[in-house]
2 protein chains.
Amino acid sequence: MKARVIVTLKNGVLDPQGQAIEGSLAGLGFAGVAGVRQGKVFDLEVSGTDEEAARSQIKEMCEKLLANTVIENYAIEISP
Amino acid sequence: MKARVIVTLKNGVLDPQGQAIEGSLAGLGFAGVAGVRQGKVFDLEVSGTDEEAARSQIKEMCEKLLANTVIENYAIEISP
């Protein structure tokens with residue numbers, strides 16, 4: 001089944017990349033854009049049909065590799 | 001209102017970063033994981049309350065800055 005993991009910086013963690021994008025958007029003439037934060041998304045396929053098992057496996061992947069849980073949050077979406 | 005833009009590589013575009021992650025996951029003992037692709041996510045706030053106007057503004061941001069539409073797709077999610 002297919003899964004999507006979205007990793008975002010926790011609130012309060014500085015995001016210079018997001019700030020740079022915000023500055024660039026303003027420079028391009030887009031007004032009223034604020035609070036730009038950049039994160040990562042991982043699309044992956046896991047074998048098996050048990051959604052709960054897949055979710056717990058992906059959670060472990062996030063804790064071990066995909067996210068730095070000191071500064072990042074992650075969200076897991078699973079579609080059959 | 002808040003918006004999330006998800007930028008992913010188009011099918012067929014090589015993703016060495018995703019392949020490296022897939023290899024690392026296998027090395028960590030996660031079996032049955034395939035097709036790992038990495039993308040980007042942007043969270044931003046736009047002023048105004050007109051969802052359609054916001055969507056069209058963000059679409060323009062994607063075309064001009066956030067995504068490289070030659071090799072990347074983008075999806076826009078807006079929440080009030």
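Conventions adopted
Residues numbered from 1 in each chain as written. Chains lettered and ligands numbered in written order. Predicted model: local features only at pLDDT ≥ 70, side-chain atom pairs only at ≥ 80, totals over all residues. Heavy atoms only, no water. UniProt positions renumbered as here; feature names shortened; annotations may be inferred. Least-squares fit on C-alpha atoms with pLDDT ≥ 70 in both. Contact = heavy atoms within 4.5 Å. Buried area = accessible area lost by both parts, 1.4 Å probe. Salt bridge = Lys/Arg side-chain N within 4 Å of Asp/Glu carboxyl O. Polar contact = N/O pair within 3.5 Å; in protein donor to acceptor, adjacent residues only side chain to side chain. Helix = DSSP H or I, 4+ residues; strand = E, 2+ residues; numbered from the N terminus. Expected span 1.5 Å × (residues − 1). Buried < 20%, exposed > 50% of the residue type's maximum accessible area, 1.4 Å probe, protein only. Arc of directions from axis to C-beta.

Under an unreviewed UniProt entry, the name given to chain A is Phosphoribosylformylglycinamidine synthase subunit PurS, and the source organism is Devosia subaequoris. Per UniProt, chain A has the following entry under Pathway (unreviewed entry): "Purine metabolism; IMP biosynthesis via de novo pathway; 5-amino-1-(5-phospho-D-ribosyl)imidazole from N(2)-formyl-N(1)-(5-phospho-D-ribosyl)glycinamide: step 1/2."

(A) Representation of the relation of the copies chain A and chain B within the structure. The transform that puts chain A on chain B rotates by 180 degrees and translates by 0.0 Å along the axis, for an RMSD of 0.0 Å. Viewed as a symmetry operation, the transformation between the two copies matches a two-fold axis. Considering only C-alpha atoms, the part of chain A nearest the rotation axis is A:Lys40, at 2.3 Å. Most of the interface of chain A is mirrored in chain B: 100% of its interface residues are interface residues there too.

(B) Local environment of the interface of chain A and chain B. Taken together, the 32 residues of chain A in the interface contact 32 residues of chain B. For the pair chain A and chain B, the summed buried surface comes to about 2600 Å²; carbon and sulfur atoms form 66% of the total. Counting the surface chain A buries against chain B, the share from its top three residues, A:Phe30, A:Val41 and A:Leu65, is 20%. The interface formed by chain A and chain B holds zero salt bridges in total. Seen at the junction of chain A and chain B, the total is ten residue pairs in polar contact (both at pLDDT 80 or more). At the level of elements, strand S1 (2–9), helix H1 (16–27), strand S2 (33–46) and helix H2 (51–66) of chain A are the ones that each hand at least two residues to the side of chain A that touches chain B. Counting residues per element, the side of chain A that touches chain B draws most heavily on S2(A), at 14 residues.

(C) Geometry of H1(A). Given a rise of 1.5 Å per residue, twelve residues ought to cover 16 Å, and the 16 Å separating the end C-alpha atoms of H1(A) matches this to within 8%. In the core, the buried residues of H1(A) are packed alongside S2 of chain A together with strand S2 (33–46) and helix H2 (51–66) of chain B. Positive phi appears at A:Gly29, one or two residues downstream of H1(A), with a value of about 100 degrees.

(D) Structural view of the pattern of salt bridges. Residues and elements named next belong to chain A. A complete count under the given rule lists eight salt bridges over all chains for this structure. Put simply, Glu-72 and Lys-40 hold a salt bridge, and the shortest N to O gap is 3.4 Å. One end of the pair, Glu-72, is in strand S3 (residues 72–79); the other, Lys-40, is in strand S2, and 32 residues separate them in sequence. Residue classification places Glu-72 among the buried residues on the basis of a relative accessible area of 11%. Its relative accessible area of 28% is what places Lys-40 among the partly exposed residues.

(E) The environment of B:Asp50, seen in detail. Structurally, B:Asp50 is set in the loop between S2 and H2. The spatial distance from the C-alpha of B:Asp50 to the C-alpha of B:Ala3 is 12 Å, given a sequence separation of 47 residues.

(F) Quick peek at helix H1 (residues 16–27) of chain B. What H1(B) keeps buried is the set B:Gly18, B:Ile21 and B:Leu25. Buried residues in H1(B), looked at end-on, bunch into an arc of 60 degrees, giving them a common side. H1(B) presents B:Pro16 and B:Gly27 as exposed residues on the side facing more than 90 degrees away from its buried surface. Lining the buried residues of H1(B) we find S2 and H2 of chain A together with S2 of chain B.

(G) Focus on the environment of A:Gln19. Residues and elements named next belong to chain A. Inspection of the secondary structure puts Gln-19 in helix H1. In this structure Gln-19 comes out as partly exposed when scored by relative accessible area, which is 47%. Sequence separation of Gln-19 and Gln-57 is 38 residues, and the distance between their C-alpha atoms is 34 Å. Those residues in contact with Gln-19, other than ones at most four positions away along the chain, are Leu-14 and Val-36.

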